[in-house]
Amino acid sequence: MRHSQPQSIGKITRTICTPKVETGKTSPEKQVKPIFVKQELWNRFCSEFQKLYGKPLIKTKEILGNLEVLFHYFLKDPAFFKCKNLITTLNEPSFDKGLLIIGDVGVGKTDNMKCFENIFQPINSFRFKSYNAKSLVREYEKCASPMDKDYFFKDKDRKQIFIDDIGSENNASNYGLFDVIGNIISDRYDKNQVTYITTNFATSANSVEETLSALGEKYGHRVYDRLFEMFNIVTFTGQSLRK
Ligand SMILES: Nc1ncnc2c1ncn2[C@@H]1O[C@H](COP(=O)(O)OP(=O)(O)OP(=O)(O)O)[C@@H](O)[C@H]1O
Ligand SMILES: [Mg+2]
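None of these values were measured; they are calculated from a predicted model.

Basis of the calculations
Residues numbered from 1 in each chain as written. Chains lettered and ligands numbered in written order. Predicted model: local features only at pLDDT ≥ 70, side-chain atom pairs only at ≥ 80, totals over all residues. Helix = DSSP H or I, 4+ residues; strand = E, 2+ residues; numbered from the N terminus. Buried ≥ 20, exposed ≤ 12 C-beta atoms within 10 Å, placed from the backbone. Contact = placed C-beta atoms within 7 Å. Near = placed C-beta within 6 Å. Nonpolar A, V, L, I, M, F, W, Y, C, P; charged D, E, K, R; others polar. Pairing = 2+ DSSP bridges. Expected span 1.5 Å × (residues − 1). Arc of directions from axis to C-beta. Axes fitted to C-alpha atoms, helices over the stretch in contact; angles between N-to-C directions. Parallel < 35°, antiparallel > 145°, perpendicular 65-115°, else oblique. Left-handed = near helix turned anticlockwise from the far one by under 90°. pLDDT = per-residue confidence, 0-100. Core = buried A, V, L, I, M, F, W, Y, C linked by C-beta atoms within 7 Å.

### Thoughts on the overall build of the protein chain
Here comes step 1: Counting its secondary structure elements, the protein chain contains 9 helices and 7 strands.
Here comes step 2: Here the protein chain holds 243 residues, and 29% of them are scored as buried.
Here comes step 3: In the protein chain, the share of contacts with a sequence separation of at least 24, taken over all contacts with a separation of at least 6, comes to 77%.

Put into structure tokens, the structure is as follows:
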């Protein structure tokens, strides 16, 4: 076992799901009912995780820190800006930006985001479709005609998408080399679309700056510069949960 002891459920619900206590009086017409409240989203997340992966969600302090930042982000809770896993020194965090999740291998980047994808699927404003960077390259390489390429890019032209594991893929080879992921990222920047991406730390020192520089080297300075405006930079910590 490489993870530390699970926390009690009471601690977890206090960490992520504390319902807001209403203080001042608000007139009924000004109250907007949220689509999700934290407690409900948390319950859905735990049961969806079990359903998808056939095992209960482990809830160590570190895992909760990783999840907390995502819950606050998706729920647009201002507590997001205070999360310890949110990097606030390199750019300005904002709910208008997407997420760049950086973490070590096996810490839950992919499976947690896919769990959110499933939960949010029926809700238009939350919905996002997930792709894997290497699979995108393979899919692009299969495009036999300009029409196929058009279709490929149209499919990624969605309000919100998640690209898992960027940085690990090669350039696509299809009548010349083509940087599929870098091009999707800069297209989405131009269209002001929200993107969620995950990547692994580039070095064993787990440095966010070095990881961003490595992405800059891979995708070029234009993409590197856009990362700061497009993404909230979030780190996932802890040890691999693979058993
Ligand atoms: N909170 C959790 N409770 C139980 N299992 C978990 C939890 N988070 C992740 N896992 C499991 O740990 C394994 C690794 O998770 P995942 O593949 O999401 O990691 P990752 O960060 O994407 O790793 P990589 O960088 O190698 O792609 C998976 O089997 C996943 O189901
Ligand atoms: Mg992964």
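### What to know about the site of ligand 1
Here comes step 1: By nearness alone, 17 residues border ligand 1, and Ile 58, Gly 108, Thr 110, Asp 111 and Leu 241 come closest of all.
Here comes step 2: The dominant element in the shell around ligand 1, judged by the number of residues it contributes, is helix α4 (residues 109-120), at 3 residues.
Here comes step 3: Of the residues contributing to the shell around ligand 1, the split by class is 7 nonpolar, 5 polar and 5 charged.

### Quick look at the pairing of strand β7 (residues 231-236)
Here comes step 1: With respect to burial, β7 is a largely interior element, 6 of its 6 residues being buried.
Here comes step 2: Neither face of β7 is exposed, since Phe 231, Ile 233 and Thr 235 on one face and Asn 232, Val 234 and Phe 236 on the opposite face are all buried.
Here comes step 3: For strand β1 (residues 98-103) and β7, the ladder comprises 6 bridges, and the chain directions are parallel. If you follow Ile 101 over to β7, its bridge partner there is Val 234.

### So, α4
Here comes step 1: Between its first and last C-alpha, α4 extends 17 Å over 12 residues, near the 16 Å set by a 1.5 Å rise per residue.
Here comes step 2: Every buried residue belonging to α4 is among Lys 109, Asn 112, Cys 115, Phe 116 and Glu 117, and all of these are buried.

### So, helix α2 (residues 38-53)
Here comes step 1: Spanning 16 residues, α2 covers 22 Å between terminal C-alpha atoms, matching the ideal 22 Å at 1.5 Å per step.
Here comes step 2: Of the residues making up α2, those classed as buried are Lys 38, Leu 41, Phe 45 and Phe 49. On an axial view of α2, the arc spanned by its buried residues comes to 70°, and they lie on one face.

### Regarding the packing of helix α7 (residues 180-190) against helix α9 (residues 221-230)
Here comes step 1: Two numbers describe how α7 lies on α9: the axes approach to 10 Å, and their chain directions differ by 50°. Considered as vectors, α7 and α9 are oriented oblique to each other. Helix-helix and strand crossings are classified by hand; for α7 and α9 the assignment is left-handed. Of the residues in α9, those touching α7 at Gly 182, Ile 185, Ser 186 and Tyr 189 are Arg 222, Val 223, Arg 226 and Met 230.
Here comes step 2: Taken together, the residues that form the contact of α7 with α9 break down as 4 nonpolar, 2 polar and 2 charged.

### Comments concerning the environment of Glu 139
Here comes step 1: Among the structural elements, Glu 139 can be located in helix α5 (residues 133-141).
Here comes step 2: Residues Glu 139 and Lys 149, 10 residues apart in the sequence, show an inter-C-alpha distance of 9.5 Å.

### Some details on the confidence of the model for the protein chain
Here comes step 1: For the protein chain, the average pLDDT comes to 89, and 86% of its residues sit at 70 or higher.
Here comes step 2: Overall, residues 1-29 carries pLDDT values under 50, and its contacts beyond four positions in sequence, including any with other chains, amount to 35 contacts.

### Thoughts on the environment of Gly 220
Here comes step 1: Along the chain, the position of Gly 220 falls in the loop between α8 (208-219) and α9.
Here comes step 2: On the basis of neighbour count, Gly 220 is assigned to the partly exposed category, with 13 C-beta atoms found within 10 Å.

### Describing unusual backbone geometry
Here comes step 1: Within the chain, Lys 76 stands out as a residue other than glycine whose phi angle is a positive 50°.
Here comes step 2: With respect to the secondary-structure elements, Lys 76 resides in the loop between α3 (61-74) and β1.
Here comes step 3: Taking the C-beta count within 10 Å as the criterion, Lys 76 has 9 such neighbours and is therefore assigned exposed.

### Focus: the nonpolar core
Here comes step 1: With 46 residues, the main nonpolar core has Leu 70, Leu 99, Leu 100, Leu 136, Ile 163, Val 180 and Ile 181 as its most contacted residues.
Here comes step 2: With 7 residues, α3 is the single largest residue contributor to this core.

### Brief notes about the sheet that holds strand β2 (residues 129-132)
Paired through backbone hydrogen bonds, the strands of a sheet run either parallel or antiparallel to each other.
Here comes step 1: Strand order in the open sheet formed by 5 strands is β2-β3-β6-β1-β7, and the pairing between neighbours is parallel. Bordering the open sheet on either side are β2 and β7, each of which pairs with just one other strand. Each strand axis lies, on average, 15° off the axis of its neighbour in the sheet, ignoring direction.

### Quick notes on the packing of α8 against α9
Here comes step 1: In the contact formed by α8 and α9, the axes pass within 6 Å of each other and the chain directions differ by 140°. With respect to their mutual orientation, α8 and α9 come out oblique. Contacts between α8 and α9 involve Leu 212, Leu 215, Gly 216 and Tyr 219 from the first element and His 221, Val 223, Tyr 224 and Leu 227 from the second.
Here comes step 2: A class-by-class count of the residues in the contact of α8 with α9 yields 6 nonpolar, 2 polar and no charged.

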